[in-house]
Amino acid sequence: MSRRRTYRIGNKEIIVEVGSNLAHALTEFLLEKKFCKLFLLSNETVFPLWGTKIMRALANAGFEVEKIIVKDGEQYKNLETVKSILKQLILSGAERTSILISLGGGVITDIGGFTASILLRGIPVIHYPTTLLSQVDAALGGKTGVDFYGFKNMVGSFYQPDAIFCDLKTLTTLENKQISNAMAEIIKYALTGEEVIYDILHKNNPDNVMTVAEELVDRSVNRKLGIVAEDEKEAGKRELLNFGHTFGHAVESASSFKLLHGQAVAIGMSFALFYSMEKGYITREWFGLAEKLIESYGLKTSIPPEIKIDDIFDFMAKDKKRRGGNLRFVFAKGKGAVVEDAGNIKNVIDRFIIYKTDGLDKR
Ligand SMILES: NC(=O)c1ccc[n+]([C@@H]2O[C@H](COP(=O)([O-])OP(=O)(O)OC[C@H]3O[C@@H](n4cnc5c(N)ncnc54)[C@H](O)[C@@H]3O)[C@@H](O)[C@H]2O)c1
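The paragraphs below set out a description of the structure included in this document. Because the structure is a prediction, the values reported are computed rather than measured.

1. A word on the side chain of Ser-270
Moving on, step 1. With respect to the helices and strands, Ser-270 occurs in helix 10 (residues 261-278).
Moving on, step 2. For Ser-270, a relative accessible area of 0% gives the class buried.

What follows is the structure, given as structure tokens:
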């Protein structure tokens, strides 16, 4: 049994299905649609694992599908790749009623969404995310884009898919580090108001996280799309989803992207919790529980010694400049979160580092 929910974002209805083996659900969805051509975008890693199976299901339902396979890796999330996809789509006669299915992790759903958004001013796209991170975060909410001249996600658009199929079976071929990478985002929902997720994570044995994957993905989708439905373009409430990300992004950049995004966000969340505790927004007890939760899912909360603190400052200063001199920060408050001006963050970072070395009482 799978779970299907419908969300309205802007003037678009989006169907999200969460369950195992969803190729059949995808074909059923397509049988109800009128379209001229079907394209499946994937990469060299994911296509052999899951693409052939989905192509077969689509062929059995009588659909002709053209596959578009790109190289695997964040380094290919760029305009060159978009150009090559556009070329294949156009030469194969894509029209406005063609549908692009993006099958892969966040890199593929970001590229697929962006390409679909600019071809003929927008053709329908369906996401079939195959990493836990893309199922609980990247494929949701309509932010699409590619990296440009070393800047992450610099060129992009807001573009909602018609449907998202979160097939839990595809997660069985993921490496463990990809699972813990995604756990950071799920924990983010838990620490910013989604108490049911907190309870599941708290009670669950972290070694058996996949036994509760369906519940976690479904709840995460519901949390993120619930917020996006209220604030699609990040003018307010959607900023809450950046919990742990202001500091986390700076740590990720300062590590020259050696840390996975989730590993950096875990450190960012620990810092945000610490800052929130200093402000009196959360209790010391909640701070301890929250840090323990993050660490229990295999994520470290200290800055690795090889990362220079000055580099973290530099990246944060650049971020601040890009945002017009105004650095917003998401604080944990009670069991929820609030967004405020970041204030004098430098001193807090100094105290955070002392805390990480000596413990809370030695600051
Ligand atoms: N649009 C958004 O709102 C948003 C949010 C968060 C992250 N992102 C973006 O998402 C990207 C990260 O996503 P990701 O973590 O999924 O990385 P990814 O897409 O690079 O996938 C990680 C690796 O796993 C492989 N893979 C994918 N599915 C697999 C499967 N089922 N079995 C085995 N291997 C598989 C991929 O080929 C890749 O090598 C970044 O580019 C980030 O900027 C976007």
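Still more ground to cover, so stick around.
2. Section: the site of the ligand
Moving on, step 1. Residues in contact with the ligand amount to 26 residues; listed here are only the nearest, Glu-74, Lys-77, Thr-130, Thr-131 and Thr-173.
Moving on, step 2. Asp-72 is positioned such that a nitrogen or oxygen atom in its side chain is 2.8 Å from an oxygen atom of the ligand.
Moving on, step 3. Measuring from an oxygen atom of the ligand, one finds a side-chain N or O atom of Asn-153 at 3.4 Å.
Moving on, step 4. Protein contact buries 85% of the 860 Å² of open area that the ligand shows by itself.
Moving on, step 5. The set of elements that each furnish at least two residues to the shell around the ligand consists of helix 2 (46-60), helix 4 (106-118), helix 5 (132-138), strand 8 (151-158) and helix 6 (176-191).
Moving on, step 6. Residue classes in the shell around the ligand are distributed as seven nonpolar, eleven polar and eight charged.

3. Digging into the sheet that holds strand 2 (residues 12-19)
Moving on, step 1. Judged by pairing direction, the sheet is mixed, and its seven strands sit side by side in the order 1-2-9-6-5-3-4 without closing on themselves. Every interior strand has two partners, whereas the edge strands, strand 1 (3-9) and strand 4 (65-70), have only one. Taking the axes of each pair of neighbouring strands and ignoring which way they run, one obtains an average angle of 20° across the sheet.
Moving on, step 2. As paired elements, strand 2 and strand 9 (residues 163-167) share five bridges and run parallel to each other. Counterpart to Val-16 in the pairing with strand 9 is Ile-164.
Moving on, step 3. Of the strands in this sheet, strand 3 (38-43), strand 4, strand 5 (99-104) and strand 6 (125-129) touch helix 4, which is tilted by about 165° from strand 5.
Moving on, step 4. Each of strand 1, strand 2 and strand 9 is contacted by helix 8 (residues 213-230), which is oriented at about 10° to strand 1, the strand it contacts most.

4. Quick look at the pairing of strand 8
Moving on, step 1. Of the pairings in the sheet, the one linking strand 7 (residues 143-148) to strand 8 comprises five bridges and is antiparallel in character. Paired with Phe-148 across the two strands is Phe-151, which belongs to strand 8.
Moving on, step 2. Counting the residues between successive antiparallel strands, the hairpin from strand 7 to strand 8 contains two residues, one of them, Tyr-149, with a positive phi of roughly 50°.

5. What about a nonpolar patch on the surface?
Moving on, step 1. A surface patch of nonpolar side chains, about 530 Å² in accessible area, is lined by Leu-79, Phe-148, Tyr-149, Phe-151 and Met-154.
Moving on, step 2. When you line up the elements, Tyr-149 lands in the loop between strand 7 and strand 8.
Moving on, step 3. Judged by its relative accessible area of 73%, Tyr-149 is exposed.

6. Examining the pattern of salt bridges
Moving on, step 1. Scanning the model with the defined rule gives 23 salt bridges in all.
Moving on, step 2. Its salt-bridge partner being Asp-218, residue Arg-5 comes within 2.7 Å of it at the nearest N-O pair. In this pair, Arg-5 sits in strand 1 while Asp-218 sits in helix 8, placing the two residues 213 residues apart along the sequence.
Moving on, step 3. The partner of Lys-177 in a salt bridge is Glu-175, and the shortest N-O contact between them spans 4.0 Å.

Criteria and cut-off values
- Residues numbered from 1 in each chain as written.
- Predicted model: local features only at pLDDT ≥ 70, side-chain atom pairs only at ≥ 80, totals over all residues.
- Heavy atoms only, no water.
- Helix = DSSP H or I, 4+ residues; strand = E, 2+ residues; numbered from the N terminus.
- Buried < 20%, exposed > 50% of the residue type's maximum accessible area, 1.4 Å probe, protein only.
- Near = heavy atom within 4 Å.
- Polar contact = N/O pair within 3.5 Å; in protein donor to acceptor, adjacent residues only side chain to side chain.
- Areas by Shrake-Rupley, 256 points an atom, 1.4 Å probe, with all protein chains shown as cover.
- Nonpolar A, V, L, I, M, F, W, Y, C, P; charged D, E, K, R; others polar.
- Pairing = 2+ DSSP bridges.
- Axes fitted to C-alpha atoms, helices over the stretch in contact; angles between N-to-C directions.
- Contact = heavy atoms within 4.5 Å.
- Patch = residues over 30% accessible without salt bridge, like charges linked within 9 Å, V, L, I, M, F, W, Y side chains within 5 Å.
- Salt bridge = Lys/Arg side-chain N within 4 Å of Asp/Glu carboxyl O.

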